[in-house]
Amino acid sequence: MRISSLLVLIPFFAAAAMAEGLPDLGDTAQQAFSPQMERRVGEAIMRDIRQHDPAYDDDPEITEYLNVLGSRLVSNSQNSRQDFEFFLVKDATLNAFALPGGYIGVHSGTIVGAQSESELAAVLAHEIAHVTQHHIARMVSNEGQLSAAMLASMALAILARNSQLGSAAAAIGQAGAITAQIGFTREFEREADRVGFPILEKSGFDVRAMPSFFLRMQKVGRLYENNAPAYLRTHPVTTERIADAQNRIQGLPYKQTPDSLDFQLVRAKLRAGQGNSRDALAQLEGDLRDKKYSNEIAARYGLAVALLRAKQPLRAAAELEPVLKSTEHPLPAGLAARIKQANGDTKGAVALLKQALLRYPNNRALNYESIEALQRLGRDREAAALLEEQLKNFPRDARLYALQAKGYAALGKQLLQHKAQAEAYVLQGSLPAAIEQLQLAQKSRDGDFYQLSSVEARLRELRAQLAREMKEKK
């Protein structure tokens, strides 16, 4: 189910929708939309996105890049202590959006369409500013009430990624709130530009990227008229915004900011995944042949990705070889391992990953691939040891717990399998499923006294947490 479906269903099932995720904040409560409430609403929306929206893409390499770039920008913001999470949305349109509580979605089309890393950083800085300025909370405060349906419609309308979705939001009986939101949008967009500009500058990016990006988007919008890009529909670029951005760069010394190899490689990977495999391959082959690229390493890497996608692993290996010789980077290393596996050489893939992890021990994507390859080879104890090490560094990683559950299942450790799967469900926001797993762990007959005691204690904790959440929703 897409988020658009959730919006359409709200007028008929508002109460049920609240019971599923968004907290009930009272029918007409005159209260502030606190940062804690923002985070809870954001978590609820993210839970729906992860579980139901097929456009959500948890590609670990691209997700890690977005969060590294985002963290760099957040560290130079007014509220650097707030937690942020950046995630990828598989959508060719150029757009990005901020949800309550610091969740920021980035369309794959934004990364591909950015003509420089500074342009992408400018988009993220703008979205970070929406969060640090608490624009959603201020919208709610201006409305003067916090009914659950009102909050759902406003929060999900922020997520709207096309005009049809916005229309659906207005149709749910909250037309006044949505109309007010559109009025606020222009004011908040200008404020996000103003606050985002110093974030961009302090982070070492080219601040000229902001007005150049606006100008390019305005030209594109004129070309398409009624079928304007998604960014212009959700972030209207006005002449005033462009003039403000141009005024801010007046008098600033010119500073050339080269794109990072990370940006170039991630962009190439996304280009290789666009459309059907045949067209993507032809496009990238043509670009490399005609030297239509800004970075040859990234161009060859992208072509290797496209060749593997087209089920041509031998050609992919040949194309990637000069990349591996000319640079050390986790993305080509991970691709080399995937090519080995596609050629049926899982042992070779494990060896490559082991070498790469010596250089990048905490790279999540490499660790995921290494753990999965070890499990495929039946080397479950080695995989378990690597999992334990990674969970010490990333104790809130649901994917690691899911892999741990798979490993314990292969080792025949049922109690530990269900316990690990329970933690994965907790981190994914599904308490009932987590409780069910712990109940299964209780019934398993392979746990010792201490393990059973741990399961029972965690079960009591989660039941109490679920009871509190259910009480808040009444």
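What counts and how
Residues numbered from 1 in each chain as written. Predicted model: local features only at pLDDT ≥ 70, side-chain atom pairs only at ≥ 80, totals over all residues. Heavy atoms only, no water. Helix = DSSP H or I, 4+ residues; strand = E, 2+ residues; numbered from the N terminus. Buried < 20%, exposed > 50% of the residue type's maximum accessible area, 1.4 Å probe, protein only. Contact = heavy atoms within 4.5 Å. Areas by Shrake-Rupley, 256 points an atom, 1.4 Å probe, with all protein chains shown as cover. pLDDT = per-residue confidence, 0-100. Salt bridge = Lys/Arg side-chain N within 4 Å of Asp/Glu carboxyl O. Phe/Tyr/Trp six-rings, centres within 6.5 Å; stacked < 30°, edge-to-face > 60°. Lys NZ or Arg CZ within 6 Å of the ring centre and 35° of its normal. Expected span 1.5 Å × (residues − 1). Polar contact = N/O pair within 3.5 Å; in protein donor to acceptor, adjacent residues only side chain to side chain. Pairing = 2+ DSSP bridges. 1 Å grid on protein atoms, 1.4 Å probe; cavity = no way out; pocket = protein on both sides within 12 Å on 5 of 7 lines; lining within 4 Å. Points joined across faces, edges and corners; volume = space filled by probe spheres on them. Nonpolar A, V, L, I, M, F, W, Y, C, P; charged D, E, K, R; others polar. Axes fitted to C-alpha atoms, helices over the stretch in contact; angles between N-to-C directions. Parallel < 35°, antiparallel > 145°, perpendicular 65-115°, else oblique. Left-handed = near helix turned anticlockwise from the far one by under 90°.

Draft legend 1. Representation of the overall build of the chain within the structure. The number of helices and strands found in the chain is 24 helices and four strands. Taking all 474 residues of the chain together, the buried fraction comes to 51%. Residue pairs at least 24 apart in sequence account for 65% of intrachain contacts in the chain once pairs closer than 6 positions are excluded. Summed over all atoms, the accessible surface of the chain reaches about 22300 Å², with 50% contributed by carbon and sulfur.

Draft legend 2. Geometry of the confidence of the model for the chain. Per-chain confidence: the chain averages 83 in pLDDT, with 79% of residues scoring 70 or above. Predicted confidence is poor over residues 161–184, with pLDDT under 50, and the contacts of this stretch with residues over four places away or in other chains come to 44 contacts.

Draft legend 3. Inspection of the pattern of salt bridges at higher detail. Evaluated as defined, the whole model comprises 23 salt bridges. For arginine 50, the salt bridge is made with glutamate 85, and the minimal N-O distance between the two is 2.9 Å. Of this pair, arginine 50 sits in helix H2 (residues 35–52) while glutamate 85 sits in strand S2 (residues 85–89); the two residues are 35 residues apart in sequence, bridging distant segments of the chain. Relative accessible area serves as the criterion here: at 29%, arginine 50 is assigned to the partly exposed category. Among the salt bridges present, the one from glutamate 285 reaches arginine 315, with a minimum N-O distance of 2.8 Å. Within this pair, whereas glutamate 285 is found in helix H14 (residues 277–289), its partner arginine 315 is found in helix H16 (residues 313–326), the two being separated by 30 residues in sequence. In this structure glutamate 285 comes out as partly exposed when scored by relative accessible area, which is 25%. Beyond isolated ion pairs, a larger network of salt bridges with shared partners links Asp59, Glu61, Lys269, Arg338 and Glu369.

Draft legend 4. How the structure looks around the packing of aromatic side chains. Summed over all chains, the structure comprises five aromatic pairs. Between phenylalanine 87 and phenylalanine 97, the ring centres sit 5.9 Å apart and the planes meet at 70°, which makes this aromatic pair edge-to-face. Remark: phenylalanine 97 occurs in strand S3 (residues 96–99) and phenylalanine 87 occurs in strand S2; sequence separation between them is 10 residues. A connected cluster of aromatic rings, assembled from ring pairs, spans Tyr56, Phe87 and Phe97. Over the ring of phenylalanine 214 we find arginine 241, and its NZ or CZ is 4.6 Å from the ring centre. For arginine 399, the ring lying beneath its charged end belongs to tyrosine 368, and the centroid distance is 4.6 Å.

Draft legend 5. Molecular detail of unusual backbone geometry. If you check the backbone angles, histidine 134 has positive phi at about 55° while not being a glycine. Within the secondary structure layout, histidine 134 lies in the loop between helix H5 (117–132) and helix H6 (135–143). In this structure, lysine 311 is a non-glycine residue whose phi angle is positive, near 60°. Its place among the elements puts lysine 311 in the loop between helix H15 (296–309) and H16. A relative accessible area of 72% places lysine 311 in the exposed class.

Draft legend 6. Summary view of helix H21 (residues 398–410). Compared with an ideal rise of 1.5 Å per residue, which puts 13 residues at 18 Å, H21 spans 19 Å between its outermost C-alpha atoms and is within 8% of the ideal. Looking at H21, one finds that the buried residues are Ala398, Leu400, Tyr401, Leu403, Gln404, Ala405, Gly407 and Tyr408. The elements touched by buried residues of H21 are helix H19 (364–376), helix H20 (380–393) and helix H22 (414–427). At the N-terminal boundary of H21, the capping side chain belongs to aspartate 397, with an oxygen 3.0 Å from the backbone nitrogen of arginine 399. Remark: glycine 412 follows H21 within two positions and exhibits a positive phi of approximately 75°.

Draft legend 7. The sheet that holds S3, seen in detail. The sheet built from four strands is open, its strands ordered S1-S2-S4-S3 with mixed pairing. Taken across any chain shown, the strands that pair with only one partner, and hence form the sheet edges, are strand S1 (56–57) and S3. Pairing of S2 with strand S4 (residues 103–107) involves five bridges; the strand directions are parallel. Note that in S4 the partner of phenylalanine 87 across the bridge is glycine 105.

Draft legend 8. Geometry of empty space enclosed by the protein. Tallied over the entire structure, the rule returns three cavities of 30 Å³ or more. A volume near 50 Å³ is recorded for the largest cavity. Contributing elements (two or more residues each) for the lining of the largest cavity: H20 and H21. Tallying contributions element by element places H20 first for the lining of the largest cavity, with four residues. Grouping the amino acids of the lining of the largest cavity by side-chain chemistry returns five nonpolar, three polar and one charged.

Draft legend 9. Structural detail: the packing of H21 against H22. Interhelical geometry of H21 versus H22 gives an angle of 165° and a closest axis separation of 8 Å. It follows that H21 is roughly antiparallel to H22 by the angle criterion. Remark: the crossing between H21 and H22 carries left-handed chirality. When H21 is examined against H22, the residues Ala398, Tyr401, Ala402, Gln404, Ala405, Tyr408 and Ala409 are found in contact with a partner set consisting of Leu416, Gln417, Ala420, Gln421, Glu423, Ala424 and Leu427. Its residues assigned to classes, the contact of H21 with H22 comprises 10 nonpolar, three polar and one charged.

Draft legend 10. Spotlight on the packing of helix H18 (residues 346–359) against H19. At a closest axis distance of 9 Å, the pairing of H18 and H19 adopts a crossing angle of 145°. Seen from above, H18 lies across H19 with left-handed handedness. Contacts between H18 and H19 pair Thr346, Val350, Leu353, Ala356 and Leu357 from the former with Leu366, Asn367, Glu369, Ser370, Ala373 and Leu374 from the latter. When grouped by side-chain class, the residues that make up the contact of H18 with H19 number seven nonpolar, three polar and one charged.

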